[in-house]
Amino acid sequence: MESFSRPELFDFKGVSMSSLFTSNWENIQTFQARSDDILIATYPKAGTTWVSYILDLLYFGKKNPERETSLQIYERVPFLELNMSFMDSGVQVAENLPTSPRLIKTHYPSQFVPKSFWEQKCRIIYIARNAKDLAVSYYHFDRMNYAQPEPGDWSSYLQRFMDGKLVCGSWYDHVNGWWEKKQTCPNIHYMFYEDLAEDAGREFDKLCSFLGMSPSDEEKKEILEGTSFDKMKNNNLINHSVVPVMDFKISKFMRKGKVGDWKTHFTVAQNEEFDNHYRKKMKNSSLCFRTEV
Ligand code: PPS
């Protein structure tokens with residue numbers, strides 16, 4: 001792991017990216033989505049794995065139980081743009097998925113999503129998480145994940161978050177870009193990490209109604225139990241503990257799973273500066289985030 005050198009951040013079509021997410025660009029852009037594909041889209045650290053696992057259990061938990069005991073979550077739900085030398089690209093894994101529907105994950109801003117997803121009118125689930133908790137989660141992730149650019153210290157990291165100089169660019173542009181897209185695109189279900197944390201059952205029902213699924217009460221109970229933070233943290237097929245570029249001695253992938261953890265990281269001065277900057281960046285947005293529940 002120590003021999004793996006961290007990638008650089010660079011501007012890619014106006015968005016900060018690392019080569020891991022751009023080097024397979026042509027194959028990503030020509031990816032052939034199918035009309036029943038379901039795309040799970042997020043800015044990093046917004047709850048991708050949580051919703052991926054909910055959908056995985058919803059579609060395949062009963063139908064294909066061996067999948068639940070044999071495949072890592074990133075094999076079940078491939079990460080479309082990821083391209084690392086020591087494993088199949090996200091596109092290859094997605095193309096080889098035997099399932100129907102195929103569940104596919106992306107962290108791309110909406111303008112980078114391959115056109116076939118729009119042409120095929122695929123259902124898209126976007127998950128947004130409040131900026132403060134997300135910045136904290138992303139910071140710890142970048143510390144432990146050698147496939148991400150060097151994070152530096154917390155205060156410089158927070159500044160870069162505000163400047164949009166992290167992999168996948170500006171959080172503000174990402175959440176707003178997808179929110180705008182949702183206004184004209186009925187096949188996008190836009191959800192919030194905080195709502196899921198507050199009442200997973202309610203959000204699960206909304207998700208099922210969007211997807212046209214009607215699981216039994218018993219299935220719903222099982223899925224919600226299986227996707228609780230503690231269950232996921234202890235599930236070695238979900239918690240990413242075997243990913244070679246992640247150093248769990250530094251931080252865990254399933255770290256805290258809380259709304260409001262930002263309070264243990266932001267100083268009073270950082271919080272004030274952040275709030276001022278946030279107000280300016282979001283002044284034209286109708287999006288409303290909660291930083292506590
Ligand atoms: S990634 O790398 O972008 O795919 O990460 P992602 O899965 O989007 O986000 C990881 C954060 O989500 C938290 N998480 C959960 N919170 C509550 N309940 C459940 N079940 C759950 N599953 C994942 C995970 O702990 C990361 O947040 P932090 O704040 O770092 O703990």
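Residues numbered from 1 in each chain as written. Predicted model: local features only at pLDDT ≥ 70, side-chain atom pairs only at ≥ 80, totals over all residues. Heavy atoms only, no water.

*Asks:* Explanation requested: the site of the ligand in the structure shown.
*Replies:* In the vicinity of the ligand there are 22 residues, among which Thr48, Thr49, Ser137, Tyr193 and Lys256 approach most closely. Between an oxygen atom of the ligand and a side-chain N or O atom of Thr49, the distance comes to 2.5 Å. Measuring from an oxygen atom of the ligand, one finds a side-chain N or O atom of Arg255 at 2.9 Å. Notes on the ligand: free accessible area 650 Å², of which the protein chains cover 98%. Broken down by secondary-structure element, the contributors of at least two residues to the shell around the ligand are α2 (48-61), α7 (131-144) and α13 (229-233). Here the element with the most residues in the shell around the ligand is α2; it accounts for three residues. (Near = heavy atom within 4 Å. Polar contact = N/O pair within 3.5 Å; in protein donor to acceptor, adjacent residues only side chain to side chain. Areas by Shrake-Rupley, 256 points an atom, 1.4 Å probe, with all protein chains shown as cover. Helix = DSSP H or I, 4+ residues; strand = E, 2+ residues; numbered from the N terminus.)

*Asks:* Sorry if this is basic, but what is going on with the side chain of His240 here?
*Replies:* Mapped onto the fold, His240 is located in the loop between α13 and α14 (268-281). Since its relative accessible area comes to 8%, His240 is described here as buried. Within polar-contact distance, the side chain of His240 engages the backbone oxygen of Ile238 at 2.9 Å. Sequence-distant contacts of His240, that is, excluding residues within four places in its chain, are made with Thr49, Ile73, Tyr74, Met246, Phe248 and Phe253. (Buried < 20%, exposed > 50% of the residue type's maximum accessible area, 1.4 Å probe, protein only. Contact = heavy atoms within 4.5 Å.)

*Asks:* Just to check I follow, could you spell out the state of the cysteines for this structure?
*Replies:* Taken as a whole and judged by the stated rule, the model has zero disulfides. Between Cys168, a cysteine without a disulfide, and Cys122, which holds the nearest cysteine sulfur, the sulfur-to-sulfur distance is 20 Å. According to the relative accessible area criterion, Cys168 is buried, its value standing at 2%. Here Cys208 is not cross-linked by a disulfide; its sulfur's nearest cysteine counterpart is in Cys122, at 19 Å. (Disulfide = S-S within 2.5 Å.)

*Asks:* I'm lost on the layout of surface pockets in this one. Help?
*Replies:* Over the atoms, a rolled probe matching the size of one water molecule traces out where space is still vacant. Approximately 230 Å³ is the volume found for the second largest pocket. Around the second largest pocket, the lining is made up of 19 residues, and of these Gly14, Val15, Ser16, Gly169 and Ser170 lie nearest the centre. Listed by contribution, the elements that provide at least two residues to the lining of the second largest pocket are β1 (10-12), β2 (15-17), α8 (154-163) and α9 (171-184). A per-element tally of the lining of the second largest pocket places α9 first, with three residues. (1 Å grid on protein atoms, 1.4 Å probe; cavity = no way out; pocket = protein on both sides within 12 Å on 5 of 7 lines; lining within 4 Å. Points joined across faces, edges and corners; volume = space filled by probe spheres on them.)

*Asks:* Could you clarify how one ought to interpret the pattern of salt bridges in this entry?
*Replies:* It is possible for side chains bearing opposite charge to pair when their charged atoms get close. Under the criterion given, the structure shown has 18 salt bridges. The partner of Glu198 in a salt bridge is Arg202, and the shortest N-O contact between them spans 3.1 Å. Between Lys263 and Glu292 there is a salt bridge, with its nearest N and O atoms 2.9 Å apart. You can see Lys263 sitting in the loop between α13 and α14 and its partner Glu292 sitting in the segment after α14, a full 29 residues away along the chain. What emerges from the salt-bridge pattern is a single network uniting Asp195, Glu198, Arg202, Glu203, Lys206 and Arg290. (Salt bridge = Lys/Arg side-chain N within 4 Å of Asp/Glu carboxyl O.)

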